[in-house]
Amino acid sequence: MKKIIFSALVMANLAAFAGGFQVNLQGVRSVAMGGAYVGLAHGPATTFFNPGGLTNIEGHRLSLGLNTIHPSISLQTEVNDNIDLTSSMSTPIYFYYGGQITEKLYVGFGINNQFGSSSSFEDNWQGRFIVQNISLKTFMFQPTVAYKIHDKISIGAGLVYTTGVFSYEKAVPLSSSSSADGKARLEGKANSISFNVGLYSKLIETDKIELGIGADYRSGMKLSLEEGLATFTNIPSSLTGTFPEQTNFKGEINLPSVTTAGLAFTYKFNEKNELTFVYDYALNGWSSYDTLAFDFENEATPDAKTPKNWKNAVAHRFGLEYKLDKLFFRVGTYYDQSPVEENNVSPEAPERSHMAPTFGFGMKVSDMIEFDISYINQRYSGETATGELGFEYKYNRRINVLSVSATITLGKNKNTSIEE
Amino acid sequence: MKKQLYFIVITLGLFSGCKKTAFETVERTSGTADFKQYISVGNSLTQGYQDAGLYEEGQSMSYPSIIAQQMKIAQPNMAEFRQPMVSGNGSGYMHLGYINGSLKPISSDDPGGYQPDGSWDAWGQAEKNQKFNNLGIAGVKLIQCVNTYSDDNTTNAIILGGLDVTVPIIGTNYTQDGNPFSRYLDFGEAEVNVPVIGNIGGTAKSYLDHVKESNATFFTCWLGNNDVLGYVVNGGTPNLVENNTIGLSVDLNALSDEFEFEEKYDEIIKAFKNQGAQGVCSTLPNVTSIPFVTTFTVASLKADYNYNKVWITDLNENVREATEEDYILLHASEGISNGRGTSQATPFTNYDVLDRDEATLAKNHTLKLNGIIRKIAGSYGYPIADMYTYMDNLSAGYTFEGIDMDISYIQGGTFSLDGIHPNPRGYAVVANEFIRVINAAYNSNIPKVSVGAYRGILFP
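Calculation criteria
- Residues numbered from 1 in each chain as written.
- Chains lettered and ligands numbered in written order.
- Predicted model: local features only at pLDDT ≥ 70, side-chain atom pairs only at ≥ 80, totals over all residues.
- Heavy atoms only, no water.
- Helix = DSSP H or I, 4+ residues; strand = E, 2+ residues; numbered from the N terminus.
- Buried < 20%, exposed > 50% of the residue type's maximum accessible area, 1.4 Å probe, protein only.
- Contact = heavy atoms within 4.5 Å.
- Areas by Shrake-Rupley, 256 points an atom, 1.4 Å probe, with all protein chains shown as cover.
- Polar contact = N/O pair within 3.5 Å; in protein donor to acceptor, adjacent residues only side chain to side chain.
- Patch = residues over 30% accessible without salt bridge, like charges linked within 9 Å, V, L, I, M, F, W, Y side chains within 5 Å.
- Salt bridge = Lys/Arg side-chain N within 4 Å of Asp/Glu carboxyl O.
- Expected span 1.5 Å × (residues − 1).
- Buried area = accessible area lost by both parts, 1.4 Å probe.
- Pairing = 2+ DSSP bridges.
- Axes fitted to C-alpha atoms, helices over the stretch in contact; angles between N-to-C directions.

The next subject is the overall build of chain A. Scanning chain A from terminus to terminus reveals three helices and 20 strands. Across the 420 residues of chain A, 58% fall into the buried class. Restricting the contact set of chain A to residue pairs at least 6 apart, pairs at least 24 apart contribute 69%. Of the accessible surface of chain A, which amounts to about 16800 Å², a share of 57% is contributed by carbon and sulfur atoms.

Structure representation (structure tokens):
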């Protein structure tokens, strides 16, 4: 009898790890303005968006934000009229601090969840051989410094320590007389160190207008899994050599680098009324995602299949803010290009290039405290043809994101105090 | 401050728990077709034969029964789709064993094999007077389905229905076993020419007669595979059924004559047309898209079985070294484990090998017959489920619902252990292709089935 090798049968199409995982919710003011902030680089959130902008901080400022993401995704296939994806509400948070140390030296610190989501489908659903449950949670910690190298130019850099946990479950198409499908569960923890550098310039600053520009580069994150654990259940006993109950694996998940350039233009009508326009251009380096691979300790276990054809994706983000004394009215939109061809997108995160509107409102309660709230309403539908996954579907996707933040300002601007 | 918090909480509440993305139920329709009485004609593939046998579970997942189950969703008043069901193990079938740490296909008659069910020998008797929708017969050739020529009433009736006649007065009994898988249909009495007495019997009924009585409103026709396949899976060697006394002589493995094929295929399709039925005709798959043919090649024998040279017997009974264009058939696996074909003195037999000339003959014949099928279907206005092209495309490997499959033996996930017939998952793939063609031709929207809901090979 010929030796049976299950090279093709089995593993994950790990496309499941990527789409929809990036969370662009790092500052409520930014979220309300289409996600742009690199040229504005104004509040503590600039620790994340553009460390160079930390030099805009007056005194010491803290910002605490909470996002609530409500996804609702439904699929229709030629087999099932409707499949509702159960995605739990996710609540990425952030905390940012920025403060001035000396005349030219500023520091910042950030904690956030830049990637993460969890989705699952009903047991025995049609696409269970692609994905049954998936979850990724990340925490990033970023100590940061910024320096004014010139009256108009500052530079900032942060070290990003990322720690992440993921789990992924799918069905394995192997039947025995006692069980219709096998199951595979992959889980692991991973850490990485990456960096975030930014350049900021307040190019023009007069009584009437302000123009800030900035650029930022966040390096890709190589999350290396040293002690991943794969668990196989309901495997026919003759194949437990190939799919043992448990085996460790090593692997890497490469989360993309992000390069952004942006500007912010403010026109001051008078002391109380201002209009600000912001624009960011971002390039997400998803092509790095090509390299994802899992290597199982048990040699007979076939290695994971990697997704193909991921491309770098651009985003355009626009926003407007009208300041009326202590109130801020914000509106914006963004265009996100999808990094993957629609037909090859894993069904738990169907996506294509899309636009969405954003709204927000801010209020300065006192010199010390500001509250902000923002809302994104993302909805679109699409249809895929047969791709690498062999799974055609129509989808409706609707995601509401409500975000709130509080920003606290302590102390005074060092420059001012010196001059005084 | 408090007010703002309330506002936030209320807004959060509004956003959660809404499920506005759900799709509405699709309204199903049979379009311009009427599935009221769906009749499937064909051979082993149609009957649900797999793992070298007809057994209850396999039969319940025949592609026509899958299609019928889905048609009923589009047309709820469809009549029950009846199949002549066997019980349990039916004719007996192959399964996968696990012996000394390796997987091994075990035939029905091997020790520990899944032997025929106790009811198998009697299967078909009680069914003879019933009407069935699935008229598949494992092993049947198209040219056996229509009694056109003078000797058809003898040969076809005997091959399908068997022979058991006693000559009057003399009392001599003539018997010949017929195809066991056609026992559920009545083929009447064969016309037999007995020495001295002359013709006796002679009320033969043909498969075509059953088609004419089927009251079909819709049909699928996947007949003709065995008009090539018998030749292929026997390495081009004949299988003669002879009885000199009654003048019976037929080679069951011969490639069917194409003119006879055309005449008889036309009769079958015309019979459906005359009943006003709509339907689909299917082409015959390429002989090289089944693992029975493609599993053992010179390359695989050298790589996996340490062959230096591979010696074969070709169609002219000449022994020569095999080339990449020759196929060693799956039934040679026992011989392979005994080192057959390693030397010129112990070559693979003609029966073991579909050599390059035989393969070319069979391929060309398939193309000819497919041309005939297309022409006749077209002349009656019936669409084609082009299984030739479809299976050819699948040969390179394919993915359904995240399941990677190809046509390789066992691990490919498409075919059953006999290497010729699909497993239930493979039959589901076939059913979906028929459904696609039906929907496109008749503006119906029969839902497809989930390929993953049907099992592949059962592993121990």
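Here we come to the overall build of chain B. When you go through chain B residue by residue, the secondary structure sums to 14 helices and 20 strands. Here chain B, with 460 residues, has 57% of them falling under the buried criterion. Counting only contacts in chain B whose residues sit at least 6 apart along the sequence, the fraction spanning at least 24 positions is 74%. As displayed, chain B offers around 18500 Å² of accessible surface, 50% of which is attributable to carbon and sulfur atoms.

Attention now goes to the environment of Thr414 of chain B. Residues and elements named next belong to chain B. With respect to the secondary-structure elements, Thr414 resides in the loop between strand S19 (403-405) and helix H14 (424-442). Residue class for Thr414 comes out buried when judged on its relative accessible area of 6%. Distance in space between the C-alpha atoms of Thr414 and Ile457 is 8.3 Å, their sequence separation being 43 residues. A distance of 2.7 Å separates polar atoms of two side chains, one belonging to Thr414 and the other to Tyr398.

Below, the discussion takes up a nonpolar patch on the surface. Residue and element names in this part refer to chain A. On the surface, a cluster of nonpolar side chains totalling about 950 Å² of accessible area is made up of Phe265, Tyr267, Phe269, Leu275, Phe277, Phe318, Leu320, Tyr322, Leu324, Phe329, Val331 and Phe359. With four residues, the single largest contributor to the nonpolar patch is strand S16 (residues 313-324). Structurally, Val331 is set in strand S17 (residues 327-336). Looking at Val331, the relative accessible area reads 37%, which means it is partly exposed.

Next up on the list: helix H12 (residues 356-380) of chain B. Residue and element names in this part refer to chain B. With 25 residues, H12 ought to run about 36 Å at 1.5 Å a step, and its terminal C-alpha atoms sit 36 Å apart, in line with that. Restricting attention to buried positions, one finds in H12 the residues Glu358, Ala359, Ala362, His365, Thr366, Leu369, Asn370, Ile372, Ile373, Ile376, Ala377 and Tyr380. With a side-chain oxygen positioned 2.8 Å from the backbone nitrogen of Asp357, the residue opening H12 is Asp355. Positive phi shows up at Gly381, right after H12, with a value of about 80°.

On to the interface of chain B and chain A. With 47 residues of chain B at the interface, the matching set in chain A holds 50 residues. Of the roughly 4200 Å² buried between chain B and chain A, counting both surfaces, carbon and sulfur atoms make up 59%. Connecting chain B to chain A are two salt bridges. A salt bridge links Glu78 of chain A to Lys448 of chain B, with the shortest nitrogen-to-oxygen separation between them at 3.3 Å. The interface formed by chain B and chain A holds 15 residue pairs in polar contact (both at pLDDT 80 or more) in total. When residues of the side of chain B that touches chain A are assigned to their parent elements, the largest contribution, six residues, is made by helix H1 (residues 2-15) of chain B. Pairing of strand S8 (residues 175-176) of chain A with strand S20 (residues 458-459) of chain B involves two bridges; the strand directions are parallel. From the neighbouring strand, Ser175 of chain A faces S20 of chain B, where its bridge partner is Leu458 of chain B.

Strand pairing within a sheet occurs via backbone hydrogen bonds; the two strands may be parallel or antiparallel. All names here are of chain B. What the five strands build is an open sheet, ordered S4-S1-S9-S12-S17; its pairing is parallel. What marks the edges here is a single partner per strand, and that holds for strand S4 (134-136) and strand S17 (384-385). Examined bridge by bridge, strand S9 (residues 218-222) and strand S12 (residues 278-282) share four bridges and lie parallel to one another. When the bridges of S12 are listed, Phe219 appears paired with Gly279. Contacts between helix H8 (residues 258-274) and the sheet are confined to strand S1 (38-42), S9 and S12, with S9 contributing the most and set at about 165° to the helix.

This is a description of form; function is not addressed.
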